[in-house]
Amino acid sequence: MTTINTNSALEGMYWDTEKKVADKNNGALTQSDFFALLTQQLAYQDPTKPVENDQMIAQMTNFTMADGITKLNDNFSSLAQSMSSNQALQASSLVGRSVLTQSDQLVFTGESLSRGQINLEQPADNMKVIITKPNGELVSTFSVNQPQLGKNEFAWDGTNQAGETVAAGLYNISVEVSARGKTENAPVQVYTPVSSVSMGNNGNGITLNLLGIGAVKLADVLEVSYG
């Protein structure tokens, strides 16, 4: 009678309980996993109560829809990244140009006129532009002739009340609109040179860095101008 030594037979065998297989799908079921589960389901089903055809079709349809939605999301994510890159490339072409944004600050470069506009929604008798230093000291004030509904453009040559050219820099600007004996402040839109373009995380949140004023969202730009 031959005796088998189980200890000898098991000798040398080693079970690595700590070894793990890398999951490339981060726990998500793939198409192969689905069909493997479906095969197991068919193999272990109760012969007296087999899976109905409509149930099987419903399971396959649900998986196909889920798989399709996942791929669609991936495609949209790729498209969004591509659009962000294209948007950043287009935004970079604005460096050196001036963009129109709503602001209560006006930049005088010392080399060219500082321009802006006021949009009136109601008729006005008079419209006055007031430019001051950051400390509130008056620099210049002038009227916009014959204000009209809609866009009214203005330009400041960088001179003060005495006709002297002021230093280049950032100034405060406000507009007073008079109509029927009543005076109110109106929002101002100014042109400011773009010094650089910044991108947020993953290419999102593109901002333009305006000379003297700082960062503004690309979506806040109302108009683009040369110089």
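These notes cover the structure that comes with them. Just so you know, these numbers come straight off a predicted model, no measurement behind them.

Thresholds, definitions, all that
Along each chain, residues carry numbers from 1 onward, in the same order as the chain's sequence is written. This being a predicted model, a pLDDT of at least 70 is required before a residue's local features are given, and a value of 80 or more before pairs of side-chain atoms are given or counted; all residues contribute to the totals for chains, interfaces and linings. To obtain the side-chain values, all non-hydrogen atoms of the structure were used and water was disregarded. Here is the rule: rings of Phe, Tyr and Trp (six-membered ring for Trp) pair when centre to centre is within 6.5 Å. Planes less than 30 degrees apart are stacked, more than 60 are edge-to-face, and the remainder are tilted. The numbering of helices and of strands both runs from the N terminus, where a helix is a DSSP run of H or I of at least 4 residues and a strand a run of E of at least 2. Burial status follows relative accessibility: with a 1.4 Å probe on protein chains alone, a residue under 20% of its type maximum counts as buried, one over 50% as exposed, and anything between as partly exposed. By definition here, charges over rings are those cases where NZ of Lys or CZ of Arg is within 6 Å of the ring centre and within 35 degrees of the ring normal. We count a salt bridge whenever a side-chain nitrogen from Lys or Arg sits within 4 Å of a carboxyl oxygen from Asp or Glu.

1. Examining the packing of aromatic side chains
Tallied over the entire structure, the rule returns three aromatic pairs. Both rings, one in Phe108 and one in Trp156, keep their centres 5.5 Å apart while their planes meet at 50 degrees; by these two values the pair is tilted. Of this pair, Phe108 sits in strand E2 (residues 105–108) while Trp156 sits in strand E6 (residues 150–156), and the two are 48 residues apart along the sequence. Both residues of the pair, Phe108 and Trp156, count as buried. Between Trp156 and Tyr171 the ring centres are 5.4 Å apart and the planes differ by 80 degrees, which places this aromatic pair in the edge-to-face class. Of this pair, Trp156 sits in strand E6 while Tyr171 is found in strand E7 (residues 169–179), placing the two residues 15 residues apart along the sequence. Aromatic rings pair up to connect Phe108, Trp156 and Tyr171 into one cluster. Across the ring face of Tyr191, the terminal group of Arg115 is positioned such that the distance to the ring centre comes to 4.3 Å.

2. Re the pattern of salt bridges
Considering all chains together, one arrives at four salt bridges under this definition. For Glu176, the salt bridge identified is with Lys128, shortest N-O distance 3.9 Å. Of this pair, Glu176 sits in strand E7 while Lys128 sits in strand E4 (residues 126–132), and the two are 48 residues apart along the sequence. Classification of Glu176 by relative accessible area gives partly exposed; the value is 27%.

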